[in-house]
Amino acid sequence: MADPLFALFTVNTIIGLIGLIGNAMVIIVICKVKLMHTLTNALICNQAVVDFLGSLFLILSSSITVPDPLPDTTDYVIVCHLWLSDFFLWACFTSSTFNLVSLTCERYVAIVYPFKYATLYTKTSVVGMIAAIWLLGLILEGAYAAASNRYENGQCFLSTSVSSRVLGIVLIVFKFFIPAILMLFFYSHMTVELKRSANRVGADAPTVSASLALGGASGETRSENAQQSLLRARRNVFKTLVLVFVTFLVCWTPSQAPPFYTSNEVTARVGCDDTTRQHNSRTGPNDGTT
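A quick note: this is a predicted structure, and the numbers were derived from the prediction, not measured. (Residues numbered from 1 in each chain as written. Predicted model: local features only at pLDDT ≥ 70, side-chain atom pairs only at ≥ 80, totals over all residues. Heavy atoms only, no water.)

### Let's talk about the packing of helix α4 (residues 87–112) against helix α6 (residues 123–148)
- Contact geometry of α4 with α6 gives a least axis separation of 8 Å together with a crossing angle of 140°. What the angle tells us is that α4 and α6 run oblique. The hand of the α4/α6 crossing is right-handed. The residues of α6 that touch α4, namely those facing Phe87, Trp90, Ala91, Thr94, Ser95, Phe98, Asn99 and Ser102, are Met129, Ile133, Trp134, Leu136, Gly137, Leu138, Leu140, Glu141 and Gly142.
- Partitioned by chemical class, the residues of the contact of α4 with α6 number 10 nonpolar, six polar and one charged. (Axes fitted to C-alpha atoms, helices over the stretch in contact; angles between N-to-C directions. Helix = DSSP H or I, 4+ residues; strand = E, 2+ residues; numbered from the N terminus. Parallel < 35°, antiparallel > 145°, perpendicular 65-115°, else oblique. Left-handed = near helix turned anticlockwise from the far one by under 90°. Contact = heavy atoms within 4.5 Å. Nonpolar A, V, L, I, M, F, W, Y, C, P; charged D, E, K, R; others polar.)

Structure follows, in structure tokens:
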């Protein structure tokens with residue numbers, strides 16, 4: 001049993017270190033370069049901060065051990081609900097998902113409804129959005145940890161009650177399926193709009209070339225070049241976000257679907273970290289795992 005746990009610990013540590021280094025670099029670059037102090041990059045920086053903390057908690061949750069069984073004290077009841085439940089790790093994961101949706105929505109408005117962008121996205125609204133992202137992650141995971149984790153006879157384990165199962169499924173719907181559907185809609189609409197923009201710019205290009213041949217003003221050329229540059233920049237950001245979205249689906253779909261076709265309560269929170277934490281008394285007398 002020690003070898004699989006050590007292998008999983010090694011994998012979690014490697015993934016965590018990559019996440020720490022990569023997200024730290026993003027945070028440093030955005031904070032240091034003044035030209036990058038934009039509303040879009042504020043959301044990107046927040047994404048990096050959330051993922052940085054998630055990577056940190058992934059490493060810590062895999063490496064910090066606690067007594068087994070736990071001492072029967074109030075302090076370890078808190079440890080059960082806040083640490084052994086992986087509350088902080090899952091709160092970061094949840095906030096990361098909501099931030100990704102917010103970032104996608106911001107790009108969606110900028111591309112599809114550019115004239116409404118300045119009204120909808122201001123410094124105040126973005127700050128409020130970031131605060132809401134953090135609060136939602138803490139509240140949703142705090143509610144699940146309080147309702148589903150039990151501490152009995154020195155053991156910290158997930159409840160097998162029907163209400164706990166239902167709550168787990170409801171949270172997965174709100175944290176995974178609804179965000180995935182929203183982002184799929186946003187990206188589909190953005191794809192259509194970017195193609196329309198490319199067609200418009202392409203249709204205008206011959207007109208500009210003809211005017212230049214006749215000695216037309218260079219202002220039209222600069223305007224056309226600006227449109228092409230803007231379209232190219234939007235495409236680059238769009239491609240990056242699509243890659244992130246696909247990665248999100250690939251990584252999370254296998255771990256979020258099981259609750260809908262299995263009766264095992266543990267799978268309601270299935271994930272690499274849960275397996276690693278079994279040696280920390282994550283399972284209890286009512287669980288079938290050891």
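### Let's talk about the confidence of the model for the protein chain
- Taken as a whole, the protein chain shows an average pLDDT of 78; of its residues, 75% reach a score of 70 or greater.
- Taken element by element, the predicted model of the protein chain shows its lowest mean pLDDT in helix α9 (residues 272–276) (37) and its highest in helix α2 (residues 39–63) (94).
- In the model, residues 207–212 has pLDDT below 50 throughout and makes five contacts with residues more than four positions away in sequence or in other chains.
- Across residues 261–290, confidence stays below pLDDT 50; counting only partners more than four residues off in sequence or on other chains, it has 83 contacts. (pLDDT = per-residue confidence, 0-100.)

### A closer look at the nonpolar core
- One finds Tyr108, Met183, Tyr187, Met190 and Phe248 to be the most contacted residues of the largest nonpolar core, which totals 25 residues.
- Only α4, α6, α7 (162–213) and α8 (218–256) provide two or more residues apiece to this core.
- Ignoring any residue separated from it by four or fewer positions in sequence, one finds Met183 in contact with Leu100, Val101, Thr104, Phe245 and Phe248.
- Phe57, Val66, Leu89 and Cys92 belong to the second-largest nonpolar core, a separate cluster that totals 12 residues. (Core = buried A, V, L, I, M, F, W, Y, C linked by side-chain atoms within 4.5 Å. Buried < 20%, exposed > 50% of the residue type's maximum accessible area, 1.4 Å probe, protein only.)

### Thoughts on the UniProt feature "transmembrane region" (unreviewed entry) in the protein chain
- Those residues carrying the UniProt feature "transmembrane region" (unreviewed entry) are residues 6–31, 43–67, 87–105, 126–146, 166–187 and 237–255 in this numbering.
- A helix fraction of 100% and a strand fraction of 0% characterise residues 6–31, whose end C-alpha atoms lie 37 Å from each other.
- Secondary structure content for residues 87–105 is 100% helix and 0% strand, and the end C-alpha separation is 27 Å. (UniProt positions renumbered as here; feature names shortened; annotations may be inferred.)

### Thoughts on the pattern of salt bridges
- As enumerated under the stated definition, the model contains three salt bridges in all.
- Linking Arg107 and Glu106 is a salt bridge whose minimum nitrogen-to-oxygen distance equals 2.8 Å. Each member of the pair Arg107 and Glu106 is classed as buried. (Salt bridge = Lys/Arg side-chain N within 4 Å of Asp/Glu carboxyl O.)

### Focus: the state of the cysteines
- According to the stated counting rule, one finds one disulfide in the structure shown.
- Each sulfur of the disulfide joining Cys80 and Cys156 lies 2.0 Å from the other. Its S-S torsion of approximately 80° makes the covalent link between Cys80 and Cys156 right-handed. Taken together, the positions of Cys80 in helix α3 (residues 74–84) and Cys156 in strand β2 (residues 155–158) put the pair 76 residues apart, joining distant regions of the chain. For the pair Cys80 and Cys156, a shared accessibility class is recorded, and that class is buried. (Disulfide = S-S within 2.5 Å.)

### Examining α6
- For α6, which comprises 26 residues, the first-to-last C-alpha distance of 38 Å matches the rise-based estimate of 38 Å (1.5 Å per residue) to within 8%.
- Within α6, burial applies to Val126, Ile130, Ile133, Gly137, Glu141, Tyr144, Ala145 and Ser148. (Expected span 1.5 Å × (residues − 1).)

### Some remarks on the packing of α2 against α6
- It is at 10 Å that the axes of α2 and α6 come closest, and there the two elements cross at 20°. In this view, α2 runs roughly parallel relative to α6, as classed from their interaxial angle. Where α2 crosses over α6, the handedness of that crossing is right-handed. Taken together, the residues of α6 that come into contact with α2 (itself represented by Leu39, Ala42, Leu43, Asn46, Val49, Val50 and Leu53) are Lys123, Val126, Met129, Ile130, Ile133 and Trp134.
- Looking at the contact of α2 with α6 residue by residue, the class counts come to 11 nonpolar, one polar and one charged.

### Overview of the side chain of Thr104
- Residue placement: Thr104 occurs in helix α4.
- Of note is the side chain of Thr104, whose polar atom sits 3.1 Å from the side chain of Tyr187.
- Apart from residues no more than four positions distant in its own chain, Thr104 is found in contact with Met183, Phe186, Tyr187 and Met190. (Polar contact = N/O pair within 3.5 Å; in protein donor to acceptor, adjacent residues only side chain to side chain.)

### Structural notes on the packing of aromatic side chains
- Counted under the stated rule, the structure contains 11 aromatic pairs.
- Members of the aromatic cluster, each reached through a chain of ring pairs, are Tyr108, Tyr113, Phe185 and Phe186.
- A cation over a ring is seen here: Lys116 above Tyr113, with NZ or CZ 5.2 Å from the ring centre. (Phe/Tyr/Trp six-rings, centres within 6.5 Å; stacked < 30°, edge-to-face > 60°. Lys NZ or Arg CZ within 6 Å of the ring centre and 35° of its normal.)

### Things to note about the pairing of β2
- For strand β1 (residues 149–152) and β2, the ladder comprises four bridges, and the chain directions are antiparallel. Considered in β2, the bridge of Asn149 is made with Leu158.
- Here β1 folds back onto β2 in antiparallel fashion, the turn holding two residues, of which Asn153 has a positive phi close to 50°. (Pairing = 2+ DSSP bridges.)

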